[in-house]
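Here's the letter readout for the chains.
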Amino acid sequence: NTDTAMGRNRSGSSTTMASMQSTTAASQASSMGIGSGSGNINSSDLALYDIPLVTSPSQASTDFEQLLHNLQSISVDPKSVRKAACCAALIETVQERRQNQNQQQQQQVVVSPNELFLATLAALTSLQGTLEQQVKRTDTDTESNNNSSNEVETTALPLLEILRQILPYVAHPSNNHGALLLHQFGTVSRMLRMFVALGYAYTASSSTTGTNKATSTAVATSGANALLRQILKTTTMLLLITPSSSSTTTTQEAEKEMAKLLHATIIRMFHDVRPKVRKAAFGCAMDVVIVASSSNSCSSSSSSSPVVQQRKVIADFLWEYCHAVITQYKSSSSGSKKKNDSSNSKNLIHILRLLSTSLPYADDVRIRVRFGDDCLALMGGGGEGGSGSNKGEVSMEVIRETLITLLSCLEKGEEDSDDGLLLSSMEQEVDTTKDTGKEDEEISKFAARALAFLLQHRPNAANSSFSSAGDVNVVYGRCLMGCVERMLVRANSGDEDGTLASKLLAMKLLPNVLTSILHLCDEAAEGEDGGAANSAEMCGSEFNQFVSRVMPIVTSYFNNAATSNNNLQRVAIEAVSNCIDIIRQALKIQYRNAWGNILPGGYATFTSTLALNLLEMRGAGNEANNGNSELEGKLQSCLKELVVSLLRLRDDVEKDGTARTAVEYATSTVMRGMGLELFLSLVDFTDDHVDIGDKKKESLNTESGAGLWWLLPLMKQSASADASALASSSSITTRSHLSFFQGRVLNLARRCDAASADGHRTAAEASIQKQRVVEVWSLLYYFCLHPIDMKENFAAVAKTVVKALSDHSRYPKLVPVICGSLKSLAVGVTGRAEANPSAEATEDLEVLSNVSIKILPSLFKLVETLNESQKTNSADDMDTDDKSSSKEKQAIRQQNMQLVETVTDTIGQLAQICPREFLQNLFKKVVQRLLVATTENGDNTGGKASKDAQAVRMCSLLGLGQALVASGSLDNNSVSLLYRAVRPLVRSDEHDSRVQKRAYKVLAEICEKHKEFVTSEERLNEMTDLMVDSIVTCQVSARHMRLKCMAYIVQGFDSSNQAHMAVIPKIMGEVLLCLKDSNAKTREAAYQLLLEMAVARDDMTDYFKIILAALGAKTTHMRSAAVMALSRLTFEYARHDTTVQSLLPSLMQTVAFLFDDSSREVTKSVISFVRVCVAAMSFDQLEPLLPEIVGGIMKYNKGRDRFRAKIKIILKKLVRLYGYDTIAPLVPEKDTRLITHMRKLTERTARRKAAGLQDGQSVVNNFDDMMESDEDDSDDGRTFMTGVTGFTKMTSMTGKSMKSAKSKSVVSGARSTMTGKSAKSTSGPRIKAELQGEILDMLDSSKMAKSVRFADANMNDNDFSDDDDGMDDMQFDNQGRIIISDGLQKVSGDKGAVDDFDSEDDDENLQLKAGGGKRRRVSKFESVKVAKAERDAVNARKQSKQSKKPTSSLGSAYKSKKAGGDVKKKGQQYEPYAYVPLNAKDYSKKNRSNAVSKMGTVVRSTKRKR
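Since this is a predicted model, take the numbers as computed values, not measurements.

Now for the overall build of the protein chain. Scanning the protein chain from terminus to terminus reveals 62 helices and four strands. Restricting the contact set of the protein chain to residue pairs at least 6 apart, pairs at least 24 apart contribute 76%. If you sum the accessible surface of the protein chain, you get close to 72,000 Å²; carbon and sulfur atoms cover 50% of it.

Put into structure tokens, the structure is as follows:
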């Protein structure tokens, strides 16, 4: 070890060091459990380090005063108490010195940093002498050892911490440039070194203590560890804030003293056997490196300060020591002496772990290069790993740490991006604002040397017994990636020849690197028996990372425009060509364990990268780019080879489910990466030379196999997956040619269609071919995302599409496929034209608009055809009585209705694009047909069937009109025409309810899309009259749409218009009744209309009066609806509307009259209203109404159990506001028990809250939840029991139900009637229930002795609630082991007990079926059923008793016939009593008695041992 600095020239370095964030190497090492230290500095420590550099004198003085205050403050932490006591003693000592020296300085209150520093130093020196004397007496005196530990904990640690915090202020430039610290540095250094010696002396002396050795050793060791860690912190602060001296002689002496201190403290503890101490030393070294590097990157004024220069020297000491350790290891390995190899290896590993975390923060790239060369030298000396006498596990561990350090040498600094080890694009290659040309060139050259070395010296981790050998392969692969990245991306020095040479070399070695990384997967699978799959997956991830990050960079050189050098392009093409064979090796069976990772990852990424380059070249084919034609051919040939190889692998592993899934997933990834058009161009589904009719078994064969039809579902998934992302025009993989679909894809569909019509095929085969036709057509969605040849080929495709739609009877599934594709095409073309109105986008929009003239009539006709089929099905249903046939036709009718909806949506989308004149003419025809259908009279022709057919036709025409209105393409005249056609259908109820519902839908669509049409003065009055007049003729199914129309109309009302305001009372009755409708959508629409009318009225007082009038209605339905309306308005407006808030008391008094209503419907509404008002009213508003409210709600308490929970909720809120003393007198005397119960529960809750066991409560912010919820009980729902499970919050915590609790209470009651003698006899050993899934080992005598206890007669059974019925009959010995009974014959002969068990279980089951013992009303019919069930049960028991065989006892097969005990007979597989078969059915209530009797053959059931 040398005390001199590295002496390197820093003048040429302008590197700015990274900010304090962990590097990728550190995170990787941490993830594998390797490496120590941390790259993050505490913010408080960083502030202390910066005080001598950036803090002004005034700020330093203020900060020091704050520091003194913090040191003297006392908190709960005992450390702060000790620190405050020591600080107070030091300040008192300073003040005494002042008094002795000069009485005039008594006026100076604040202690200076120098005074506190000297006092602390004196105290530490004095304490050091005391501790040395105590250490000498420790060998013979245990009490002296304990006193020493107390002195360390109470005095030494606080003093060292105080010294650490005041050192920056002593070294501040305003404090005479730290002259005092420079003068006392030697003293402080010697004191710290002596404390280190004392710390190690404590550990050594404590191990030799005689009496009470364990306790004293633990105390002394913990004290010594804490002392050493505190010394490290103080030493780091001293080294980093001490300035350098202006004198050369003094500087050399100071550097020597610093070197002594550094080696005696931080460096010495690098190799400490205690992990905490070693980690603290690593952390301090990291602080030194990071602070020195960050100081070097500061401004020129700060970087020239003495403190900064001194920090550089300290960092150089650390680097030099690390280099010395590595050199010593290399020299010892090459020499003949072997006895110190173990210690040298451990020291080397510690240093390598330090370097792996600190090297990325080095401020000069040459430091990383130097240590990188050292790592290569270490690999060369010990890289074989498997040969030689010293090539064992330690050598492999050294190799792993060496590789991690090498990876850190190649790691990023602040000058690199944050995207990881490798950069993702060539754009980042040009950004070199931080690195200089020389540094970049140097690191690139080193990366080239490292790459060549690593390829020649691959560690043989597979043959090593090292436990983490798999990590060696992973880190080795990452090092290869780091080298290639540095050579390809970071080679941006000023020397262009050197940059080019580095890139050329990287690409020439690329196949070798790829081979090495791929082989790691094979070695991982072979090298580890238990974790082969896991290790192979990790290595496969490295393979994927390499391909995904390096290959895009290499393939970017294919383009001549991006590459000025033809040689670079040629080498890149050759490298990729060589890599193809290597990538295909991943398909070999030896990599099966990694297929799930490397096939969808690296293999698919490599294929997709080549495909993207091919697509880019084809996209630029129109330009002068003749040189790429040959390259395009090569790329297509390579892609076909890769894809076909992957498909062949799927045929080979068809019976292996895991491998088949991996291959299919990889194929799907390839499809998405290259696009379906390119994929289909590489794969041949059909063989044109095969005649389908003659050779049906060999048809549709391909060169790569006959089973490629499994690709169709994958292609369908790829076409529809991530539609929003695929639809972006920026994705080149979504750009397709309709001509390809017309010529290639549809040809495949035609062949499948012809195959389905082949008479030689069975029905199942024909069905399969039809399904394939649909799957092939589903690819149309992909080709409609972004077609680039619409002008040339869309018209031809449209003709085919129209023809396919006409064949919907054979292929009904084609309708949604084609309609969805057309809709996607329209949305995409319109969006591109609006976002980027280029010539191409405008031309595509025009083409689609012209072709839509041919498509829309076909879609209209399709709607009519589908509706006609519904007519036919309806007529057939009238003529047939076959239920199965009727169900099938009902399903077909439902399917046709869905198809009609799909087609109408597509019509609405295309209507936005088609020419306006054509659309108007088409619309007029629809309206004309609608008018004709409306005026037709179907009564004379066909009766009910004719009416139904007419209704279907009208619904279809109305649906077409609705779609055209939704498109927003109609003008006001067209909308007016449709409105006049729909108005008679709304007013009249002569037609089917479906017609009126559809008419209201059209009207609602008009109100939503054409608001200006509705809100005009004349039209608004007309539509208002229409809504008012048609209230009588409205069908039930049309209420929802009617309310929506009324809501749109009300939105146009003017509060100053009396005619508009007069409409609200007219429709209020209908709205209130709809609040109680059975349809949830209708109820919600009624509530929304209620709120819209409140906004339109703009006078809440008058609005409430209108609703209050309904409280006097004759029907309970209307009264209940009125109260519900008041509740909703209060819930919505009471919080922020002062008018509504002021009306609440009068509203409450008015609604209170309904407390006496006998209707349960009204009762529910009133209680809900009271609940809302209690939450909304203020304290003063609610207090006068308390007697009326409490008295009113308590009328429903008895006899109406349905509302008990809601009443308790209201009482709980009132008690929470006013207290029990106010509410209790208002409760009727007969209900005082309820309020008493609530008080007890509240007190219990308060106790639980004090104990930290309070259950969480939720706030109800939803109106429906507040109306319907019964869960918020007065006891937080803990006693609210569900009827099905019998569980509450209380029982859920204990795992019991109320029903089981009832049965337990019966058992406990029976036990309480036993005599004292029998009760005592039941006391015996009990096993505690297993908690939190912990399994109790019953063969461990120590655990059983702790877990088994003997119960007293008065012991509560709740602690043993999980015990079975036969638990009391077990017998245990003194160690808690179960005593196995041998009385098989006695138990098997006790038939009476078994019969009693069966009888009790049957009675219990019958009782549960009849209601679980709960009293309820039973009708006569139910009572007859129960009586019959009882008789059947009794007869069944009698029959079972007659036919029942004796219970076969467990273990009877092993019973010896000649003597007692067991014997193993021939043919028996298991040992006697080794296994007890478990069957869930045996432990049901029905069969539990049999199970108990069987277990009685194993466990003695007569007596229990006390």
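A separate point is the environment of Asn 578. Structurally, Asn 578 can be placed in helix H21 (residues 566-584). Between the alpha carbons of Asn 578 and Lys 508 there is a distance of 9.6 Å; along the sequence they are 70 residues apart.

A few words on the packing of helix H35 (residues 916-935) against helix H37 (residues 972-987). The contact between H35 and H37 brings their axes to 10 Å, and the two run at 15°. One way to sum up the angle between H35 and H37 is to call them roughly parallel. Classified by chirality, the crossing of H37 by H35 is left-handed. Here Gln 920, Phe 923, Lys 924, Val 927, Leu 930, Leu 931 and Thr 934 of H35 come into contact with H37, specifically with Ser 974, Leu 977, Leu 978, Ala 981 and Leu 985. The residue inventory of the contact of H35 with H37, partitioned by class, reads eight nonpolar, three polar and one charged.

Counted according to the given criterion, the structure contains 30 salt bridges. Across the salt bridge formed by Arg 353 and Glu 397, the nearest N and O atoms sit 3.4 Å from each other. Residue Arg 353 is found in helix H13 (residues 341-358), and its partner Glu 397 is found in helix H15 (residues 393-409); the two are separated by 44 residues along the sequence. Residue Arg 353 is classed as buried on the basis of its relative accessible area of 17%. In this structure, the salt-bridge partner of Arg 1042 is Glu 1070, at a minimum N-O distance of 2.6 Å. Taken together, the residues Arg 1042 in helix H41 (residues 1039-1051) and Glu 1070 in helix H43 (residues 1063-1074) connect sequence positions 28 residues apart. Considered together, Arg 1042 and Glu 1070 belong to a single accessibility category, that of buried residues. Beyond isolated ion pairs, a larger network of salt bridges with shared partners links Arg 353, Glu 397, Arg 400 and Glu 401.

Here the phi dihedral of Asn 176 falls at roughly 55°; this positive angle occurs in a residue that is not glycine. Within the secondary structure layout, Asn 176 lies in the loop between helix H6 (142-170) and helix H7 (179-206). Look at Asn 176 and you get exposed, because its relative accessible area is 57%. For Asp 1098, which is not a glycine, the phi torsion comes out positive at approximately 60°. Position of Asp 1098 relative to the elements: it lies in the loop between helix H44 (1080-1097) and helix H45 (1100-1108). A relative accessible area of 59% places Asp 1098 in the exposed class.

Below, the discussion takes up the environment of Tyr 329. Mapped onto the elements of the fold, Tyr 329 is located in helix H12 (residues 306-334). Filtering out sequence-adjacent residues up to four positions away, Tyr 329 remains in contact with Asn 344, Ser 345, Leu 348, Leu 378 and Val 398.

Looking at helix H50 (residues 1186-1193), one finds that the buried residues are Leu 1186, Ile 1189, Val 1190, Gly 1192 and Ile 1193. When H50 is viewed along its axis, its buried side chains cluster within an angular range of 165° and face the same direction.

Before going further, it helps to examine the packing of H21 against helix H22 (residues 595-619). H22 packs onto H21 with a crossing angle of 150° between their chain directions and a minimal axis gap of 11 Å. In terms of orientation, H21 lies roughly antiparallel with respect to H22. The hand of the H21/H22 crossing is left-handed. Where H21 approaches H22, its residues Val 576, Cys 579, Ile 580, Ile 583 and Arg 584 are matched on the opposing element by Tyr 603, Phe 606 and Leu 610. Here the residues of the contact of H21 with H22 are counted per class, giving seven nonpolar, no polar and one charged.

What follows covers the packing of aromatic side chains. All chains considered together, the criterion is met by 10 aromatic pairs. Where Phe 64 meets Tyr 169, the ring centres are 5.4 Å apart and the plane angle is 65°; that geometry is what we call edge-to-face. With a gap of 105 residues between them, Phe 64 in helix H3 (residues 57-72) and Tyr 169 in helix H6 connect regions that are remote in the sequence. Both residues of the pair, Phe 64 and Tyr 169, count as buried. Across the ring face of Tyr 200, the terminal group of Arg 268 is positioned such that the distance to the ring centre comes to 4.1 Å. Cation over ring: Arg 1128 sits above Tyr 1087, and NZ or CZ is 4.8 Å from the ring centre.

Looking now at helix H38 (residues 993-1009). Helix length check: H38, at 17 residues, gives a terminal C-alpha distance of 24 Å against a target of 24 Å (1.5 Å per residue), a fit within 8%. Along H38, the residues that are buried comprise Val 995, Gln 996, Ala 999, Tyr 1000, Val 1002, Leu 1003, Ala 1004, Glu 1005, Ile 1006 and Cys 1007. Elements in contact with the buried residues of H38: helix H36 (944-967), H37, helix H39 (1011-1015), helix H40 (1017-1029) and H41. Where H38 begins, the capping side chain belongs to Asp 992, and its oxygen is found 2.9 Å from the backbone nitrogen of Arg 994.

Turning next to the nonpolar core. Membership of the largest hydrophobic core comes to 379 residues, with the highest contact counts inside it found for Phe 270, Leu 711 and Trp 777. If sequence neighbours within four positions are ignored, Leu 711 has contacts with Leu 647, Thr 667, Met 671, Phe 679, Val 683 and Phe 685.

Below, the discussion takes up the side chain of Thr 405. If you trace the backbone, Thr 405 turns up in helix H15. Apart from the residues lying within four places of it in its own chain, the contact partners of Thr 405 are Leu 352, Leu 355, Ser 356, Leu 359 and Cys 375.

Moving on to the environment of Leu 509. Looking at where Leu 509 falls in the secondary structure, it is placed in the loop between helix H18 (496-508) and helix H19 (510-527). Between the alpha carbons of Leu 509 and Ala 452 there is a distance of 8.3 Å; along the sequence they are 57 residues apart. For Leu 509, the residues in contact, after removing those within four places along its chain, are Leu 451 and Leu 455.

Another point: the confidence of the model for the protein chain. Predicted confidence across the protein chain gives a mean pLDDT of 74, with 67% of residues reaching 70 or more. Ranking the elements of the protein chain by mean pLDDT puts helix H1 (residues 24-31) last, at 37, and helix H46 (residues 1116-1133) first, at 92. Between residues 1-39, whose pLDDT stays under 50, and residues either more than four places distant or in other chains, the model counts 94 contacts.

What counts and how
Residues numbered from 1 in each chain as written. Predicted model: local features only at pLDDT ≥ 70, side-chain atom pairs only at ≥ 80, totals over all residues. Heavy atoms only, no water. Helix = DSSP H or I, 4+ residues; strand = E, 2+ residues; numbered from the N terminus. Contact = heavy atoms within 4.5 Å. Areas by Shrake-Rupley, 256 points an atom, 1.4 Å probe, with all protein chains shown as cover. Axes fitted to C-alpha atoms, helices over the stretch in contact; angles between N-to-C directions. Parallel < 35°, antiparallel > 145°, perpendicular 65-115°, else oblique. Left-handed = near helix turned anticlockwise from the far one by under 90°. Nonpolar A, V, L, I, M, F, W, Y, C, P; charged D, E, K, R; others polar. Salt bridge = Lys/Arg side-chain N within 4 Å of Asp/Glu carboxyl O. Buried < 20%, exposed > 50% of the residue type's maximum accessible area, 1.4 Å probe, protein only. Arc of directions from axis to C-beta. Phe/Tyr/Trp six-rings, centres within 6.5 Å; stacked < 30°, edge-to-face > 60°. Lys NZ or Arg CZ within 6 Å of the ring centre and 35° of its normal. Expected span 1.5 Å × (residues − 1). Polar contact = N/O pair within 3.5 Å; in protein donor to acceptor, adjacent residues only side chain to side chain. Core = buried A, V, L, I, M, F, W, Y, C linked by side-chain atoms within 4.5 Å. pLDDT = per-residue confidence, 0-100.

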